[in-house]
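Reading the structure
Each chain is listed here by its residues.
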Amino acid sequence: MKFSKFNLIIFDEQKKQNILFNTLYGECFVADENILESIEKDDIYILGDEMIETFKDKSIIIDDEIDENYYIEYFHNKAKFNTDTLSFTILLTWACNLRCVYCYEGAGEVRNKSLNDSECESIISYIKNYIDNIRPKNVSIMLFGGEPLMNMKAADSILSQIDQYCIENNIQLYTSIITNGVLFDEDKIEFLKRYRCQYVQITLDGIKEIHDRRRVSKDGSSSFDKVISTLKMLNKRSDFVKPLIRINVDKNNIESTEILLRYLKDEGLNTCGIDFGIVRSGTEACAGYASSCFIESELGQVLDKLWNSARNEGFKVKPRPMRKFLYCGLNKENSYTIAPTLDVYKCWEQVGEEKHKIGHINKDGSFSENTYRIIDWMSINPNMVRECKECVYLPSCGGGCAAQAYNEAQTYHNKGCFRVKGVLEKELIYNLREKGVI
């Protein structure tokens, strides 16, 4: 018998106690001095027979023959090559009505191409061909940009035909949208409702003064006022999905976030979902913003403070440690990002960078692939990365973010640590406290 390699000791500063958490199996115990000594000395017999049996039952202790990385390998591949869902993130346009200070796409000024009618037809043919090839149970399309609401004609062309094709083939179509929220109106809500929109993400970066300074409207108007109006419009619709408010945080706006949360509560918007995005400077377009970004080791403290602030204002915040054999859905084989140029990528953060392009959709809907780049991405395997294979956090991150890995080492086959180490500890303690366990 031996201890699982995925046992993590977490110190609860408030209760002044240690918690034993297994990141693979999700089991959790208060760790007394006897348990700490046993783990530190790697001697299970210090525990005594009764505790050994309990820990064996919960896989804190496992048989000597077990290599837990085989579990990681199996479930990683199972998730990666699952064909139930075919997913596309479609950039309807690179154009944008805002000029955000940290935009990784260049705010629609580095690139501003939009999908036209013939290009939409090529995408439609491509998706239909893909459906015929793998026969998925579900098709998911996320509308993205630039600002996707600036090219709703393309959205209508693509979704109307794909929806009909899915109906004919007994496939369920789901949609979602990531938008700055400025151009929303009732007609667009009805449009998204028609195509079973499951998720609407809208960004706020602070109170009016701060938001308008960071998410600058190109026509000189206040983007904050329009976003608040959109959130209220969406929030009052009982027949439509509640919007998710995404607050992008960095060193420049973190101190004002509590004021924003209080304002949202006063405006009756604390029934919306809430999420805190960590601004990072991963692409060439936003590289100059690096000095304003938090470093990885700061994220646990930053997010813990934000979660508690949101909870205090009545938002439903439920962070908890998750088991993730894939860090991101874009690591799946049947998940792609389509640019307005009809070039195809895996990760939307890398769209427009030639070195990450995996192929191109031709006019007739056929696909010209860069075979090696597809294989390179799909061969990502955390068990082949030394730092990942031996890392206690591996079951909670699946090897991390491939874009982050590339930014650090110019290869996808590297650790991609982001928002896990230090954050998982805070998630667990927050979750246990919410349940009244500690």
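Structure: above.
Residues numbered from 1 in each chain as written. Predicted model: local features only at pLDDT ≥ 70, side-chain atom pairs only at ≥ 80, totals over all residues. Heavy atoms only, no water.

**With respect to the overall build of the chain**
Across its full length, the chain holds 15 helices and 17 strands. In summary, the chain has a C-alpha radius of gyration of 23 Å against a globular reference of 22 Å for 438 residues, a match within 12%. In terms of its C-alpha atoms, the chain occupies a principal-axis envelope of roughly 70 × 50 × 40 Å. Here the chain, with 438 residues, has 54% of them falling under the buried criterion. Within the chain, one finds 56 positive and 65 negative side-chain charges whose respective centroids are separated by 4 Å. (Helix = DSSP H or I, 4+ residues; strand = E, 2+ residues; numbered from the N terminus. Rg over C-alpha atoms; globule rule 2.2 N^0.38 Å. Buried < 20%, exposed > 50% of the residue type's maximum accessible area, 1.4 Å probe, protein only. Lys, Arg positive; Asp, Glu negative; His and termini not counted. Charge placed at Lys NZ, Arg CZ, Asp CG, Glu CD.)

**Concerning the side chain of Glu 425**
Position of Glu 425 among the secondary structure elements: in helix 15 (residues 423-434). Comment: no salt bridge for buried Glu 425; closest opposite-charge side chain is Lys 426, at 8.4 Å. Of the polar contacts made by the side chain of Glu 425, one reaches the backbone nitrogen of Gly 422; its length is 2.9 Å. With residues near it in sequence (within four places) discarded, Glu 425 still touches Leu 8, Ile 10, Tyr 393 and Val 420. (Salt bridge = Lys/Arg side-chain N within 4 Å of Asp/Glu carboxyl O. Polar contact = N/O pair within 3.5 Å; in protein donor to acceptor, adjacent residues only side chain to side chain. Contact = heavy atoms within 4.5 Å.)

**Some words on the state of the cysteines**
Each disulfide consists of a covalent bond between the sulfur atoms of two cysteine residues. Enumeration over the complete set of coordinates arrives at zero disulfides. The thiol of Cys 103 is unpaired, and the distance to the nearest cysteine sulfur, on Cys 100, comes to 6.2 Å. The closest cysteine sulfur to the non-disulfide-bonded Cys 397 is located on Cys 388, 6.1 Å from its own sulfur. Exposure remark for Cys 397: the relative accessible area of 11% places this residue in the buried category. (Disulfide = S-S within 2.5 Å.)

**What about the pairing of strand 9 (residues 172-179)?**
For strand 9, the buried fraction is high: six of the eight residues fall into the buried class. Here strand 8 (residues 138-144) pairs with strand 9 via six bridges, running parallel. Within the sheet, the bridge partner assigned to Ser 140 lies in strand 9 and is Tyr 174. Each parallel crossover has a hand, and the one from strand 9 via helix 6 (residues 186-194) to strand 10 (residues 197-204) is right-handed. (Pairing = 2+ DSSP bridges. Right-handed = clockwise from strand over helix to strand, strands pointing away.)

**What to know about the pairing of strand 6 (residues 85-91)**
In the case of a regular strand, side chains alternate between the two sheet surfaces. Extensive coverage of strand 6 is indicated by the burial of five of its seven residues. Bridge count for strand 6 against strand 8 is seven bridges, and the pairing is parallel. Bridging across to strand 8, Thr 85 finds its partner in Asn 138. Looking at chain direction, strand 6 and strand 14 (residues 335-338) are connected through four bridges and run parallel. Looking at the pairing, Thr 89 lines up with Thr 337 of strand 14.

**A closer look at the sheet that holds strand 16 (residues 359-361)**
Pairing is mixed in the open sheet, where ten strands are placed in the order 13-12-10-9-8-6-14-15-16-17. Strands at the two margins of the open sheet, each flanked by one partner only, are strand 13 (273-278) and strand 17 (367-369). Averaged over all neighbouring strand pairs, the angle between strand axes comes to 25°, with direction disregarded. The pairing of strand 12 (residues 244-249) with strand 13 spans six bridges and is parallel. Counterpart to Asn 248 in the pairing with strand 13 is Gly 277. Against the sheet, helix 9 (residues 257-266) makes contact with strand 10, strand 12 and strand 13, and its axis sits at roughly 165° relative to strand 12, the strand it touches most. (Axes fitted to C-alpha atoms, helices over the stretch in contact; angles between N-to-C directions.)

**Some details on the environment of Ser 114**
Mapped onto the secondary structure, Ser 114 falls in the loop between strand 7 (98-100) and helix 4 (117-134). Looking at Ser 114, the relative accessible area reads 29%, which means it is partly exposed. With 226 residues separating them along the chain, Ser 114 and Pro 340 place their C-alpha atoms 5.5 Å apart. Look past the residues within four positions of Ser 114 in its chain and what remains in contact with it is Leu 92, Thr 93, Ala 95, Glu 119, Asn 151 and Pro 340. Polar contacts involving the side chain of Ser 114 include one to the side chain of Thr 93, which spans 2.5 Å.

**A closer look at the sheet that holds strand 2 (residues 7-12)**
Paired through backbone hydrogen bonds, the strands of a sheet run either parallel or antiparallel to each other. With antiparallel pairing, three strands are arranged side by side in an open sheet as 2-3-4. A strand with exactly one partner marks an edge of an open sheet, and here the two such strands are strand 2 and strand 4 (28-31). Averaged over all adjacent pairs, the angle separating strand axes in this sheet is 30°, with direction ignored. Its contacts with the sheet place helix 1 (residues 33-40) against strand 2, strand 3 (17-22) and strand 4, and it is angled at close to 105° to strand 4.

**Looking at helix 4**
Compared with an ideal rise of 1.5 Å per residue, which puts 18 residues at 26 Å, helix 4 spans 26 Å between its outermost C-alpha atoms and is within 8% of the ideal. All buried positions along helix 4 are accounted for by Glu 119, Cys 120, Ser 122, Ile 123, Ile 124, Tyr 126, Ile 127, Tyr 130, Ile 131 and Ile 134. One or two steps after helix 4, the chain reaches Arg 135, where phi turns positive at roughly 50°. (Expected span 1.5 Å × (residues − 1).)

**Remarks on helix 10 (residues 299-312)**
Compared with an ideal rise of 1.5 Å per residue, which puts 14 residues at 20 Å, helix 10 spans 20 Å between its outermost C-alpha atoms and is within 8% of the ideal. Every buried residue of helix 10 is accounted for by Leu 299, Gly 300, Val 302, Leu 303, Asp 304, Leu 306, Trp 307, Ser 309 and Ala 310. Its buried side turned inward, helix 10 meets strand 12, helix 9, strand 13 and helix 15. Trailing helix 10 by a residue or two, Gly 314 shows a phi angle of about 90°, which is positive.

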